[in-house]
4 protein chains.
Amino acid sequence: MRGINKVTLIGNLGKDPEINILDGNVAVAKFSLATSETYRDKAGQAHTSTDWHSVVLWRGLAELAQAYLRKGSLVYLEGKLKTRHYDDAAGQRHYVTEIIGEQLLMLDKKPGEQLSPLAP
Amino acid sequence: MRGINKVTLIGNLGKDPEINILDGNVAVAKFSLATSETYRDKAGQAHTSTDWHSVVLWRGLAELAQAYLRKGSLVYLEGKLKTRHYDDAAGQRHYVTEIIGEQLLMLDKKPGEQLSPLAP
Amino acid sequence: MRGINKVTLIGNLGKDPEINILDGNVAVAKFSLATSETYRDKAGQAHTSTDWHSVVLWRGLAELAQAYLRKGSLVYLEGKLKTRHYDDAAGQRHYVTEIIGEQLLMLDKKPGEQLSPLAP
Amino acid sequence: MRGINKVTLIGNLGKDPEINILDGNVAVAKFSLATSETYRDKAGQAHTSTDWHSVVLWRGLAELAQAYLRKGSLVYLEGKLKTRHYDDAAGQRHYVTEIIGEQLLMLDKKPGEQLSPLAP
DNA sequence: TTTT
DNA sequence: TTTT
């Protein structure tokens, strides 16, 4: 049975994306994305709660991120959830859940806007 | 700025859900959900890849899970991503990403079907 | 500026799909899909409300529909909204909104299940 | 069987929203929303295709639209599809499909931005 | 016109 | 750990 594994986020980048070029000239971009929601407590007081998401983009989407995304950029992102694991020096297993991006929309890009280059 | 944090899954429970009743008679259900996709490699060979997701349901949805979901059940689940952390005995920080369910559809429930009780 | 145009439905076919083969051997399938929701009125009485959607599938998805979908089938469908128009004999313009399917999951397909052939 | 009926749009308003106040002081807002996508033809030429959607907002969301949305505004909208019908003077039945908004995000609102009042 |  |  096939299934559905889909994530939809609208939020802001916490930092500039980190770009790596792998063997075969394949680009990978990673960044944290913050999604915020506001809610009211029982006393009617408004609060903001923020969730952070680890995003990974491959190939063309990574190149888009390198060219157009910076700390603070507002994006729409669609992708799938993947959880991988590694074992630390003490032999403890760690799990890392990432969103592998499949569609990206830049929501605050001004046409022709000049961007500062990414730190190397 | 408010954002969007939304997950949509269709998949099968790996085991019976674990139910806990917290203070104030609040029910919580946890289970792993498998989403599978099939793809073809360069040789045209079909492969199945499965992702596992940690799902948490609260209150009414947890009671639904207790009453109607079992190992193997096929469900549609909508929710939001939350990542929490804890420090292990060696002082290493671990991150855990869960999907907090907000809408649930049972896709293989037969009307009047008799379910085995959950293990205590 | 690019945008997002996405529809997600889970529901049942009202009738068998209608299949047409166009020039160039391109298959098109059309069917109505019912999505139901239950709600409670102010008196606590449960009601069911049903919406009907016009679905259009092209090529491979149309062939899937021909082979595996029948009246009553339960499906997950993802697609985009398209509104087209035509003028009737009295010169009045009519608008028709359809969902062009992009992803289809059969949710009640039994493996190896034998299906009655579609009426010609 | 309950189902899923969900629409997700990101696009721009074609005109200022039309606001009506019904009996019981219930606000309704209506507007057309354009979603655009770019694609390349076989010759590699880029084209833009636009779809128009009829959006209806009720109560609090209608008041939000009145206060903050204008022609050209960029919004994220989630809602459900509803198709209603009416018969014209010639006795022909017309169908109208609308998106009943359930969640709205303003994607280009500057904090404190001054908006021109809606035409009465 | 579907389904529970 | 699921399912087809």
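Above this note sits the structure.
Since this is a predicted model, take the numbers as computed values, not measurements. Per chain, residues are indexed from 1 in the order of the written sequence. For naming, the first written chain is A and the first written ligand is 1, with later ones following in the order written. Restriction of local features to residues with pLDDT of at least 70 applies here, the model being predicted, together with a cutoff of 80 or more for giving and counting side-chain atom pairs; totals for whole chains, interfaces and linings are based on all residues. The side-chain numbers reported here are obtained from all heavy atoms of the structure, hydrogens and water having been left aside.

(A) Focus on the pairing of strand β1 (residues 4-13) of chain C. Partly exposed describes any residue whose relative accessible area lies between the buried limit of under 20% and the exposed limit of over 50%, with all areas from a 1.4 Å probe on protein chains only and scaled to the type maximum. By the criteria applied, helices consist of DSSP H or I runs no shorter than four residues and strands consist of E runs no shorter than two, each listed in order from the N terminus. Burial runs high along β1(C): nine of the 10 residues are buried. Paired strands, as defined in this entry, are two strands with at least two bridges between them according to DSSP. Examined bridge by bridge, β1(C) and strand β1 (residues 4-13) of chain D share seven bridges and lie antiparallel to one another. Each residue of the ladder has a partner; that of C:Val7, found in β1(D), is D:Val7. Bridge count for β1(C) against strand β5 (residues 74-87) of chain C is six bridges, and the pairing is antiparallel. Residue pairing in the sheet places C:Thr8 in a bridge with C:Glu78 of β5(C).

(B) Inspection of the relation of the copies chain B and chain D at higher detail. The least-squares superposition of copies is restricted to C-alpha atoms, and to residues with a pLDDT of at least 70 in both copies. Turning chain B through 180 degrees and shifting it by 0.0 Å along the axis lays it on chain D, with an RMSD of 0.0 Å. The transformation just described matches what one would write down for a two-fold rotation axis. In what follows, a contact means two residues having at least one pair of non-hydrogen atoms within 4.5 Å. Of the residues that chain B buries at the interface, 100% are likewise interface residues in chain D, meaning the two copies contact each other through the same surface.

(C) Focus on the pairing of strand β5 (residues 74-87) of chain D. All names here are of chain D. Relative to strand β6 (residues 93-106), β5 is paired through 13 bridges, and the arrangement is antiparallel. In the strand pairing of β6, Asp87 is matched with Arg93. Hairpin connection of β5 to β6: five residues between the antiparallel strands, including Gly91 at a positive phi of 80 degrees.

(D) Summary view of unusual backbone geometry. We note that B:Arg59 has phi near 50 degrees; this positive angle belongs to a residue other than glycine. Locating B:Arg59 in the fold gives a position in helix α1 (residues 59-68).

(E) The interface of chain B and chain D, seen in detail. Across the contact, 12 residues belong to chain B and 12 residues belong to chain D. Both sides of the chain B and chain D interface together cover about 890 Å² of buried area, and 61% of this is carbon and sulfur. By buried area we mean the combined loss of accessible area, with a 1.4 Å probe, across both parts when two parts are placed together. When residues of chain B are sorted by the area they lose upon contact with chain D, B:Arg2, B:Ile4 and B:Leu105 head the list and together hold 47% of the total. The working definition used for a salt bridge is a side-chain nitrogen of Lys or Arg within 4 Å of a carboxyl oxygen of Asp or Glu. Between the two partners, chain B and chain D, sit two salt bridges. With a shortest N-O distance of 3.2 Å, B:Glu78 and D:Lys6 are connected by a salt bridge. What qualifies as a polar contact is a pair of N or O atoms within 3.5 Å, subject to a donor-acceptor requirement within protein and to the restriction that residues adjacent in sequence count only when both atoms come from side chains. For the pair chain B and chain D, the number of links is two residue pairs in polar contact (both at pLDDT 80 or more). Contributing elements (two or more residues each) for the side of chain B that touches chain D: β1 (4-13), β5 (74-87) and β6 (93-106) of chain B.

(F) Region of the structure containing the interface of chain A and chain B. Contacts between chain A and chain B engage 32 residues on the former and 32 residues on the latter. Regarding the contact of chain A and chain B, the summed buried area is about 2400 Å², with carbon and sulfur atoms giving 49% of it. Taken together, the connections running from chain A to chain B amount to four salt bridges. Among the salt bridges present, the one from B:Asp51 reaches A:Lys82, with a minimum N-O distance of 3.0 Å. Taken together, the links from chain A to chain B amount to 13 residue pairs in polar contact (both at pLDDT 80 or more). Contributions of two or more residues to the side of chain A that touches chain B are made by β1 (4-13), β3 (26-40), β4 (46-58), β5 (74-87) and β6 (93-106) of chain A. For the side of chain A that touches chain B, the leading source of residues is β1(A), giving eight residues. Taken together, the residues of the side of chain A that touches chain B sort by class into 11 nonpolar, 13 polar and eight charged. Three classes are used, and their members are as follows: Ala, Val, Leu, Ile, Met, Phe, Trp, Tyr, Cys and Pro are nonpolar, Asp, Glu, Lys and Arg are charged, and the others, Gly among them, are polar.

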